[in-house]
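As a plain string of letters, each chain reads:
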Amino acid sequence: MATALRFLLGLVLAVATHTLALHVNEHSPQLLDPFVVLVIYQALRINPIPSAMVGSVVGLTQDAFTGGLFGLHGFANTLVAYAVSAIRQRFLIQQPLQVAVLAALGGAFQLTTLASLQFSLIDSAEIPHPGFAFVKMMVTGLLTMGVYLAANRFFAWERRRREKRSRRLRLGTPS
Amino acid sequence: MSERWNRLLLALLLLGHLFLLSTSPKTRGGPFERWILGLFGPVAGATAATSSGISSFFDSVKWVGTLRQENEELRQKLEEAQYEMARLHGIEEELDRLARLTSYTRAAGEVSFVADVVFSDPRSWLRTLVIHTGKERAERNQPVVTDQGLVGRVLGSSGGYAKVLLLIDRSASASAMIQRTRRQGLARGAGTSGLLLDNIPSRSDVRIGDRVVTAGLDGVFPRGLPIGVVTRVEPTQALFHRIEVEPAVDLGLLDQVYILPHEPLPASVRGELLDEEASADGNRP
C-alpha cells in the first residue's frame with residue numbers, strides 16, 4: 001500500500017514537474033522527461049513485470065499530457081521499465097554511478113523506441129536532435145541518480161526511525 | 001513467476017499498447033485518455049496556476065525596476081517638455097509682439113471704407129478736400145490715402161461728409177523717413193503743390209530720388225505709407241538739409257480715396273505727454 005502511494009505521489013510529482021517545465025519553457029520536453037525518470041527509478045526498485053506495469057501506467061499518463069499518438073510513451077516506457085529492471089536484477093546495479101549510466105541508457109532506449117515507433121506509424125516523423133537527445137540522456141541519468149540517492153537516504157532514515165520506535169516499544173513493555 | 005510468464009505478460013502489455021496505438025483516434029480525446037486527464041488534470045492545473053502566480057510575482061518585481069527606470073525617463077522628458085514649453089512661451093510672446101506690430105502695419109493696409117471726392121480746391125489757401133463717406137462716418141485724424149500714397153487726414157465730419165486736410169497744406173505735417181536710410185524727419189506742406197522734408201541733419205545721406213514714407217511717429221499716420229520722392233536737396237550752412245519732396249499722389253487726379261482706421265494713443269499716455277509739454281513750456285524763460 002505504501003509503495004503504491006509512493007508511486008502515486010511520484011506520478012503526481014512527475015505531472016507537476018512536466019507542467020512546470022513546460023510553463024517555464026515550451027521546449028523543455030526535449031531536455032527533461034520526468035516520467036522516464038520515474039519509470040527508471042521504479043524499475044531500479046521492483047521486479048521486471050511490476051516495473052513494466054508501472055511503465056505502462058506512467059507512459060499512458062505521459063501520453064495523456066503530451067502530444068502524439070496515445071500509447072506511444074506507454075509502449076516505450078513499458079519496454080524501458082522491463083529492460084532496466086531486468087538489467088538491474090542481472091548485474092546487481094546499486095552504486096550511484098552505475099544507476100546514472102543505466103538511467104542514461106534507459107533514456108536513450110526510450111528515445112530510440114519512440115523514434116522507431118513514430119517512423120513506423122507516422123509518415124512525417126521527426127528524428128530527435130542528437131544534441132538534445134544526448135543532453136536528455138545525461139539529465140535523465142543524473143536526475144535518476146539524484147532521486148535514487150535521496151530515496152535511499154529517506155529509506156535509511158525511515159528504517160532507523162522504525163527501529164528506534166520498536167526498541168522504545170520493547171523497552172516500555174513490562175517484563 | 002517463471003521467465004516465460006514474465007515474457008508473456010510483457011508481450012501482452014506491449015500488445016495492449018499497440019492495440020491502443022492502432023485504435024488511437026486521429027484527433028486526441030479517447031475515453032481512456034480523457035479519464036487520465038480527468039484524474040491528473042487538477043495536478044497540472046494547480047501547478048500551472050502556481051507557476052503563473054510565481055512568474056507574475058517575479059514579473060512584478062522586475063516591473064518595479066522597469067517602472068522606476070521608466071519613471072526617471074518620464075521625469076526627464078517632463079523637465080525637457082517644461083523647458084521646451086517655457087521656450088515656446090517666450091517665442092509665443094515674441095510672436096504676439098510681432099503680431100501686434102504686424103497687425104499695426106496691416107491695419108495701415110486695411111481700409112475702413114472708400115469715399116468719393118466731392119469737392120476739391122487745391123488753389124485755395126487751405127488745401128482741403130470734401131469727401132462723401134456715405135453711411136460710414138469718418139472720424140478726426142483718420143488717414144486718407146490712395147493706392148499711390150498719403151493724401152492727408154480727416155479734419156472733421158458731418159453727416160455723410162468729411163473734410164480732409166491735404167498733406168501739402170502749410171499747417172499739415174507728418175513724421176516721415178527716407179526709406180533707403182531710415183533717417184527720420186518731418187514732412188510738411190510747402191503751401192504749393194510740393195512738400196518739404198525738415199529736420200534731416202546736414203551730414204545725413206540724402207539723394208535725389210530717395211523715397212519718403214511715413215515714419216509712424218506722430219500718432220496719426222501709420223508707418224510705411226508713401227509720401228513722395230526727393231526732388232531737390234540743398235546743402236546749407238545750417239544744421240539741417242533743405243529737402244523738397246514731390247508728393248506721391250497727384251492731387252489733381254483724385255476722385256476716390258481710402259479712409260484708414262486710426263488708433264489714437266491711449267488717453268493716459270496722451271495725458272502724460274501733454275503734461276510734460278505743459279511743464280516744459282512753463283519752464284521756458
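Residues numbered from 1 in each chain as written. Chains lettered and ligands numbered in written order. Predicted model: local features only at pLDDT ≥ 70, side-chain atom pairs only at ≥ 80, totals over all residues. Heavy atoms only, no water.

**A word on the overall build of chain A**
When you go through chain A residue by residue, the secondary structure sums to six helices and zero strands. When the helices and strands of chain A are listed from N to C terminus, the series reads α-α-α-α-α-α. In chain A, which comprises 175 residues, the proportion classed as buried is 46%. At a minimum sequence separation of 6, the contacts of chain A that also span at least 24 residues come to 69%. (Helix = DSSP H or I, 4+ residues; strand = E, 2+ residues; numbered from the N terminus. Buried < 20%, exposed > 50% of the residue type's maximum accessible area, 1.4 Å probe, protein only. Contact = heavy atoms within 4.5 Å.)

**Some details on the pairing of strand S2 (residues 128–132) of chain B**
All names here are of chain B. As judged from the four bridges shared by strand S1 (residues 113–120) and S2, these two strands associate in the antiparallel manner. By the bridge assignment, serine 120 is partnered in S2 with leucine 129. By the bridge criterion, five bridges tie S2 to strand S5 (residues 161–166) in an arrangement that is antiparallel. Bridge pairing in S5 links valine 130 to lysine 163. (Pairing = 2+ DSSP bridges.)

**Topic: the packing of helix H4 (residues 72–91) of chain A against helix H5 (residues 96–121) of chain A**
All names here are of chain A. Where H4 meets H5, the closest approach of the two axes is 9 Å, and the angle between their N-to-C directions is 145°. Considering only the axes of H4 and H5, their crossing is right-handed. On H5, the residues that touch Leu72, His73, Phe75, Ala76, Asn77, Leu79, Val80, Ala83, Val84, Ile87 and Arg88 of H4 are Leu102, Gly106, Phe109, Gln110, Thr113, Leu114, Leu117, Gln118 and Leu121. The residue makeup of the contact of H4 with H5, split by class, is 13 nonpolar, six polar and one charged. (Axes fitted to C-alpha atoms, helices over the stretch in contact; angles between N-to-C directions. Left-handed = near helix turned anticlockwise from the far one by under 90°. Nonpolar A, V, L, I, M, F, W, Y, C, P; charged D, E, K, R; others polar.)

**Regarding the environment of valine 147 of chain A**
Position of valine 147 of chain A relative to the elements: it lies in helix H6 (residues 130–172). Relative accessible area serves as the criterion here: at 34%, valine 147 of chain A is assigned to the partly exposed category.

**Quick look at helix H1 (residues 2–24) of chain A**
Spanning 23 residues, H1 of chain A covers 32 Å between terminal C-alpha atoms, matching the ideal 33 Å at 1.5 Å per step. Of the positions making up H1 of chain A, those classed as buried are Phe7, Gly10, Leu11, Ala14, Val15, Ala16, His18, Thr19 and Ala21 of chain A. (Expected span 1.5 Å × (residues − 1).)

**Remarks on the sheet that holds strand S6 (residues 173–178) of chain B**
All names here are of chain B. Read once around its circumference, the closed barrel built from six strands follows the order S6-S7-S8-S11-S10-S9, with strand pairing classed as antiparallel. Across the sheet, the axes of successive neighbouring strands diverge by a mean angle of 40°, strand direction being ignored. Across three bridges, the pairing between strand S8 (residues 195–198) and strand S11 (residues 242–247) is antiparallel. By the bridge assignment for S11, leucine 195 is matched with valine 245.

**Overview of the interface of chain B and chain A**
Counting residues at the interface gives 26 residues for chain B, matched by 31 residues for chain A. Here chain B packs against chain A, burying approximately 2500 Å² in sum over the two surfaces, 78% of which is carbon and sulfur. Remark: the boundary between chain B and chain A carries zero salt bridges. Taken together, the connections running from chain B to chain A amount to three residue pairs in polar contact (both at pLDDT 80 or more). Taken together, the elements giving at least two residues each to the side of chain B that touches chain A come down to helix H1 (3–23) and helix H2 (31–109) of chain B. Element by element, the count of residues in the side of chain B that touches chain A is highest for H2 of chain B, at 13 residues. Grouping the constituent residues of the side of chain B that touches chain A by class yields 14 nonpolar, eight polar and four charged. (Buried area = accessible area lost by both parts, 1.4 Å probe. Salt bridge = Lys/Arg side-chain N within 4 Å of Asp/Glu carboxyl O. Polar contact = N/O pair within 3.5 Å; in protein donor to acceptor, adjacent residues only side chain to side chain.)

**Focus: the pattern of salt bridges**
Residue and element names in this part refer to chain B. Under the definition given, this model contains eleven salt bridges over all chains. The closest approach of N and O atoms between arginine 232 and glutamate 234, which form a salt bridge, is 3.1 Å. The class for glutamate 234 is partly exposed, based on a relative accessible area of 24%. Each of Arg180, Asp205, Arg207 and Asp210 takes part in a single network of salt bridges with overlapping partners.

**A word on H1 of chain B**
The terminal C-alpha atoms of H1 of chain B, which comprises 21 residues, lie 30 Å apart, in line with the 30 Å expected from a rise of 1.5 Å per residue. For H1 of chain B, the complete set of buried residues consists of Asn6, Leu10, Leu14, His17 and Leu21 of chain B. Here the buried residues of H1 of chain B occupy an arc of 60° about the axis, which is enough to place them on one side. Set apart from the buried face of H1 of chain B by more than 90 degrees, the exposed residues are Arg4, Trp5, Leu12, Leu15, Phe19 and Ser22 of chain B. Buried residues along H1 of chain B sit in contact with helix H3 (48–65), H4 and H5 of chain A. (Arc of directions from axis to C-beta.)

**Some words on the packing of H1 of chain A against H3 of chain A**
Describing two packed helices takes the angle between their axes plus the distance from one axis to the other. Residue and element names in this part refer to chain A. Axis separation between H1 and H3 bottoms out at 11 Å; the angle between their running directions is 25°. Here H1 is positioned roughly parallel relative to H3, judged by the angle of their axes. The hand of the H1/H3 crossing is right-handed. Contacts between H1 and H3 involve Phe7, Leu11, Val15 and His18 from the first element and Val54, Val57, Val58, Thr61 and Phe65 from the second. Of the residues that constitute the contact of H1 with H3, the class distribution is seven nonpolar, two polar and no charged. (Parallel < 35°, antiparallel > 145°, perpendicular 65-115°, else oblique.)

**Some words on the confidence of the model for chain B**
Residue and element names in this part refer to chain B. Per-residue pLDDT for chain B has a mean of 81; in total, 84% of the residues score no lower than 70. Across chain B, the secondary-structure element scoring lowest on mean pLDDT is helix H3 (residues 267–283), at 59, and the one scoring highest is S6, at 93. The model gives residues 104–108 a pLDDT under 50, and that stretch makes eight contacts with residues more than four places away or in other chains. Scoring the predicted complex yields pTM 0.51 and, for the interface, ipTM 0.79. (pLDDT = per-residue confidence, 0-100.)

**What to know about the side chain of glutamine 142 of chain B**
Residues and elements named next belong to chain B. Its place among the elements puts glutamine 142 in the loop between S2 and strand S3 (143–145). The buried category is assigned to glutamine 142, whose relative accessible area is 6%. Those residues within four positions of glutamine 142 in sequence are excluded, and the remaining contacts are Ser112, Phe113, Arg137, Gly152, Arg153, Val154, Ile259, Leu260, Pro261 and His262.

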